[in-house]
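# Examining the three-dimensional arrangement
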Amino acid sequence: MALTNHELLAAAAAGDQPAWDALVERYGNLVWHVARGFRLDDVDTQDAVQTTWLHLVEQLDRIREPQALPGWLATTARRECLRLLRQRGRVVTADDATVDLADAGPAVDEGLLREERDRALWRAFATLRERCRTLLLLLMGDPPQAYAVIGESLGLPIGSIGPTRARCLDQLRTALEGSGITAPARASDER
Amino acid sequence: MTTDPRDDAQDAPLLADLARVLGEADPAPPDTVLAARSALAHRALDAEIAALLTDSDSSDKELAGVRGTGGGPRQLSFAGGVAVVDLEVEGEGRARLVRGQCSPPGVVDVVARGASGSVGIVADDLGQFVVHAAAGPFSLRLSWRDEPRQVDTEWIVL
């Protein structure tokens, strides 16, 4: 039976390394992908990710809403990425929902994906605005986060999550269809 | 507003595909995962966190594009409890020189923690110290020898 965030945070705060490792395992991909969306170079991305985890270590006994930890991590990663982008002089404007960069940053490498549909999906995701990417990353979690929790951690009204989710997925589908790919996968094609 | 259950049924495969594609195309590198695991070793125990108050490389509002100071050293200020730590940072490439000033006065042991490990120094009578560091995550742990005060500066990226 998987331990709750509350239990893992409490154990990690007492110095329990396996509990901390479990948190890194649970949310490592989320933090990584949120950071990657900001198009920093590899070194800056790794620094932003590491500093995000170090901030969690600082706040281990102070996380008020353990169930909202994914959103906390996403928000913290965003803050660190924005700081680095500013240091590099690459931010044009930034508000709660969007970040406009002066340039596209390093190219995302789709070479590891063999299926054309996967490459199209990867490219389509990259076209989404930051708010949509972060929301979808939080919704991809296992188990999926409750809208109330996502809203709270991102500072969005609960009632806006459903419509925003629908809008973001529509944008994703539109971008996919623009590459000539139909979404979602047809049930008969599942492996 | 409730979601239409039929929308959820269509969305779930797409989200699952997206999760799979992200994991295949761009997984977190093993070094990054290992580094994240090692972060627990830096937990504060009895230390108070001195929060970052000002950073000449940023501004309060989330507007940017123009650096705060015209080419001078980066200046940072941290505060926690009664402790204040001011830093000036210069450097080129991945090397950094950090000049620090801490208060209140006293004999203060300073441990600089960062990408290249930990370095211990002692601040002088004025609370000043200098340390060489590497670009990347950075935090100072300050301990006042004659008082039960220990402060960790909030992690930043040099």
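Note that the structure is predicted; figures quoted are calculated from it, not measured. (Residues numbered from 1 in each chain as written. Chains lettered and ligands numbered in written order. Predicted model: local features only at pLDDT ≥ 70, side-chain atom pairs only at ≥ 80, totals over all residues. Heavy atoms only, no water.)

Where empty space is left becomes clear once a probe the size of a water molecule has been rolled over the atoms. Estimated volume of the largest pocket: approximately 650 Å³. The wall of the largest pocket is formed by 24 residues, among which Arg26, Tyr27, Met140, Gly141 and Asp142 of chain A lie closest to the centre. Elements represented by at least two residues in the lining of the largest pocket include exactly helix H2 (17-36) and helix H6 (130-139) of chain A together with helix H1 (5-25) of chain B. Counting residues per element, the lining of the largest pocket draws most heavily on H2 of chain A, which supplies 5 residues. Here the residues of the lining of the largest pocket sort into 14 nonpolar, 8 polar and 2 charged. (1 Å grid on protein atoms, 1.4 Å probe; cavity = no way out; pocket = protein on both sides within 12 Å on 5 of 7 lines; lining within 4 Å. Points joined across faces, edges and corners; volume = space filled by probe spheres on them. Helix = DSSP H or I, 4+ residues; strand = E, 2+ residues; numbered from the N terminus. Nonpolar A, V, L, I, M, F, W, Y, C, P; charged D, E, K, R; others polar.)

All chains considered together, the criterion is met by 3 cavities of 30 Å³ or more. Approximately 150 Å³ is the volume attributed to the largest cavity. Along its surface, the largest cavity is lined by 16 residues, and His33, Arg36, Gly37, Arg39 and Phe125 of chain A are the ones closest to its centre. No other element matches H6 of chain A, which puts 4 residues into the lining of the largest cavity. Each residue belonging to the lining of the largest cavity can be placed in one class, and the counts come to 8 nonpolar, 3 polar and 5 charged. As for the second largest cavity, its lining consists of Val24, Gly28, Trp32, Val49 and Trp53 of chain A together with Ala28, Thr32, Val33 and Ala36 of chain B. If you list the elements that add at least two residues to the lining of the second largest cavity, you get H2 and helix H3 (42-58) of chain A together with helix H2 (30-38) of chain B. In the lining of the second largest cavity, the residues fall into 7 nonpolar, 2 polar and no charged.

This paragraph deals with the pattern of salt bridges. Once their charged atoms are close, side chains differing in charge can pair, the charge on each being opposite to the other. The tally for this structure, following the rule as stated, stands at 23 salt bridges over all chains. Between glutamate 80 of chain A and arginine 79 of chain A there is a salt bridge, with its nearest N and O atoms 3.9 Å apart. Put simply, glutamate 147 of chain B and arginine 149 of chain B hold a salt bridge, and the shortest N to O gap is 2.7 Å. Judged by its relative accessible area of 31%, glutamate 147 of chain B falls in the partly exposed class. Put simply, Arg117 and Asp118 of chain A together with Asp17, Arg20 and Glu24 of chain B are held in one network by salt bridges that share partners. (Salt bridge = Lys/Arg side-chain N within 4 Å of Asp/Glu carboxyl O. Buried < 20%, exposed > 50% of the residue type's maximum accessible area, 1.4 Å probe, protein only.)

All names here are of chain B. Relative to strand S9 (residues 149-153), strand S1 (residues 48-55) is paired through 3 bridges, and the arrangement is parallel. By the bridge assignment for S9, isoleucine 49 is matched with aspartate 152. In this sheet, strand S2 (residues 74-80) lies alongside S1 in antiparallel orientation, the contact comprising 4 bridges. Within the sheet, the bridge partner assigned to alanine 51 lies in S2 and is alanine 79. (Pairing = 2+ DSSP bridges.)

Working note: α-helix, 3.6 residues per turn, so residues spaced by three or four point in the same direction. Residues and elements named next belong to chain A. The terminal C-alpha atoms of helix H8 (residues 158-178), which comprises 21 residues, lie 31 Å apart, in line with the 30 Å expected from a rise of 1.5 Å per residue. Taken together, the buried positions of H8 are Ile161, Gly162, Thr164, Arg165, Cys168, Leu169, Leu172, Arg173 and Leu176. Note on H8: the residue one or two positions beyond its end, glycine 180, has a positive phi of about 80°. (Expected span 1.5 Å × (residues − 1).)

Here we come to the nonpolar core. Counting residues in hydrophobic clusters, the biggest one holds 68 residues, and the most contacted among them are Trp20, Trp53, Leu56, Phe125, Leu136 and Leu172 of chain A together with Leu18 of chain B. A total of 10 residues in this core trace back to one element, the largest contributor, which is H2 of chain A. Setting aside residues no more than four positions away along its own chain, leucine 136 of chain A makes contact with Phe125, Leu128, Cys168, Leu169 and Leu172 of chain A together with Leu15 and Leu18 of chain B. Counting residues in hydrophobic clusters, the runner-up holds 25 residues, among them Val89, Val110, Leu142 and Trp144 of chain B. (Core = buried A, V, L, I, M, F, W, Y, C linked by side-chain atoms within 4.5 Å. Contact = heavy atoms within 4.5 Å.)

The next point concerns the interface of chain B and chain A. Counting residues at the interface gives 48 residues for chain B, matched by 62 residues for chain A. Of the roughly 5,000 Å² buried between chain B and chain A, counting both surfaces, carbon and sulfur atoms make up 60%. Summed over the shared surface of chain B and chain A, the result is 6 salt bridges. With a closest N to O distance of 2.9 Å, arginine 36 of chain A and aspartate 26 of chain B form a salt bridge. In this structure, the connection of chain B to chain A is made through 15 residue pairs in polar contact (both at pLDDT 80 or more). Counting residues per element, the ones that place at least two in the side of chain B that touches chain A are H1, H2 and S1 of chain B. Counting residues per element, the side of chain B that touches chain A draws most heavily on H1 of chain B, at 15 residues. Classifying every residue of the side of chain B that touches chain A gives 24 nonpolar, 10 polar and 14 charged. (Buried area = accessible area lost by both parts, 1.4 Å probe. Polar contact = N/O pair within 3.5 Å; in protein donor to acceptor, adjacent residues only side chain to side chain.)

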